[in-house]
Amino acid sequence: MCFIGVPYVLNLYFFPETCITYFQGLLCHKVSEAVFENIRWSNKLFNDHEPWHLCKDPTNDRHVNCLLHVTMETLRVCSILLQPLIPDIAGQVLDRLGVCEGDRLIEHCEVKRESHREKVHPLKLHKKHIMSRIQLMFINNNNHNNKIHV
């Protein structure tokens, strides 16, 4: 049995309505606060359950699958809600999750349907960073570190 925070999962499906109200009131900062609160919770959930350890035992498969579903669903819903604020990054996250272009509207924040995902693959793997600025900083740091060690 999977013991993942049921109140949070229920909140995940109701908080888009709150975000819609915030958008209508032009309270974009409230939208980002609500979204990132959900992302932080999902990150904590993932870290607390340590799926990298759980997956070593096949009897934990249901638990790991439930954890991955909740994490990916959180990313999907939050990315849809962040599109008006950071469209490029939110779109790249949705691309990597395999969410079809036609399933990225706020009304698609409801309970996940099979149509939300492309049938070909569950996740799109890319070697490119979503945020090129971070990649550039990483390259600059490596070049700087290499010069120090020479």
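See the structure above.
Thresholds applied
- Every chain is numbered independently, its residues counted from 1 as its sequence is written.
- This being a predicted model, a pLDDT of at least 70 is required before a residue's local features are given, and a value of 80 or more before pairs of side-chain atoms are given or counted; all residues contribute to the totals for chains, interfaces and linings.
- Hydrogens and water molecules were not included; the side-chain quantities draw on all heavy atoms of the structure.
- A run of H or I in DSSP counts as a helix once it spans at least four residues, and a run of E counts as a strand once it spans at least two, with each numbered from the N terminus.
- Only protein chains enter the accessibility calculation, which uses a 1.4 Å probe. A residue is then buried if its area is under 20% of the maximum for its type, exposed if over 50%, and partly exposed in between.
- Contact between two residues is taken to exist if any of their heavy atoms lie within 4.5 Å; hydrogens are not considered.
- Exposure was quantified through the Shrake-Rupley algorithm and a 1.4 Å probe, taking into account, for residues, occlusion by the shown protein chains and nothing else.
- For salt bridges, the criterion is a side-chain nitrogen of Lys or Arg within 4 Å of an Asp or Glu carboxyl oxygen.
- Note that a disulfide, as used here, is simply two cysteine sulfur atoms within 2.5 Å.
- Angles here are taken between N-to-C directions and fall from 0 to 180 degrees, while the axes themselves are lines fitted to C-alpha atoms, restricted in helices to the stretch in contact.
- Each angle gets one of four labels, with under 35 degrees taken as roughly parallel, over 145 as roughly antiparallel, 65 to 115 as roughly perpendicular, and the rest as oblique.
- Crossing handedness is read from the near helix: turned anticlockwise from the far helix by less than a right angle, it gives a left-handed crossing, and turned clockwise, a right-handed one.
- Classes in brief: Ala, Val, Leu, Ile, Met, Phe, Trp, Tyr, Cys and Pro nonpolar; Asp, Glu, Lys and Arg charged; the others, Gly included, polar.

**Looking at the overall build of the protein**
Step number 1: Counting its regular elements, the protein contains 6 helices and 0 strands.
Step number 2: Sequence-ordered secondary structure for the protein, helices as α and strands as β, is α-α-α-α-α-α.
Step number 3: In the protein, which comprises 150 residues, the share counted as buried stands at 28%.
Step number 4: Taking contacts inside the protein between residues at least 6 apart in sequence as the whole, the part at least 24 apart equals 62%.
Step number 5: Surface exposure of the protein reaches about 10,100 Å², of which carbon and sulfur atoms provide 61%.

**Focus on the pattern of salt bridges**
Step number 1: Evaluated as defined, the whole model comprises 4 salt bridges.
Step number 2: Linking D48 and K44 is a salt bridge whose minimum nitrogen-to-oxygen distance equals 2.5 Å. Linking D48 with K44, this pair stays in helix 2 (residues 28–49), spanning 4 residues, or about one helical turn.
Step number 3: Ionic pairing is found between R76 and E73, a salt bridge with its closest N-O pair at 2.7 Å. Of this pair, R76 and E73 are both found in helix 4 (residues 61–82), 3 residues apart, which corresponds to roughly one turn of the helix.
Step number 4: By relative accessible area, E73 is classed as buried at 2%.

**Concerning the state of the cysteines**
Step number 1: This structure, assessed with the given rule, holds 0 disulfides.
Step number 2: No disulfide involves C78; its sulfur sits 7.9 Å from the nearest other cysteine sulfur, which is in C19.
Step number 3: Of all cysteine sulfurs in the structure, the one in C19 sits closest to C109, which takes part in no disulfide; the separation is 8.1 Å.
Step number 4: Taking relative accessible area as the criterion, C109 reaches 1% and is therefore assigned buried.

**A few points about unusual backbone geometry**
Step number 1: Of note, L26 is a non-glycine position whose phi angle comes to about 60 degrees, a positive value.
Step number 2: With respect to the element layout, L26 can be found in the loop between helix 1 (6–24) and helix 2.

**Structural notes on the packing of helix 2 against helix 4**
Step number 1: Where helix 2 contacts helix 4, the two axes come as close as 10 Å, and the packing angle between them is 165 degrees. Taken together, the axis directions place helix 2 and helix 4 in an arrangement best described as roughly antiparallel. Every pair of crossing elements has a handedness; the one defined by helix 2 and helix 4 is left-handed. Across the interface between the two elements, V31, V35, F36, N38, I39, W41, S42, L45, F46 and H49 from helix 2 touch H63, L67, L68, V70, T71, T74, C78, L81 and L82 from helix 4.
Step number 2: Classifying every residue of the contact of helix 2 with helix 4 by side-chain character gives 13 nonpolar, 6 polar and no charged.

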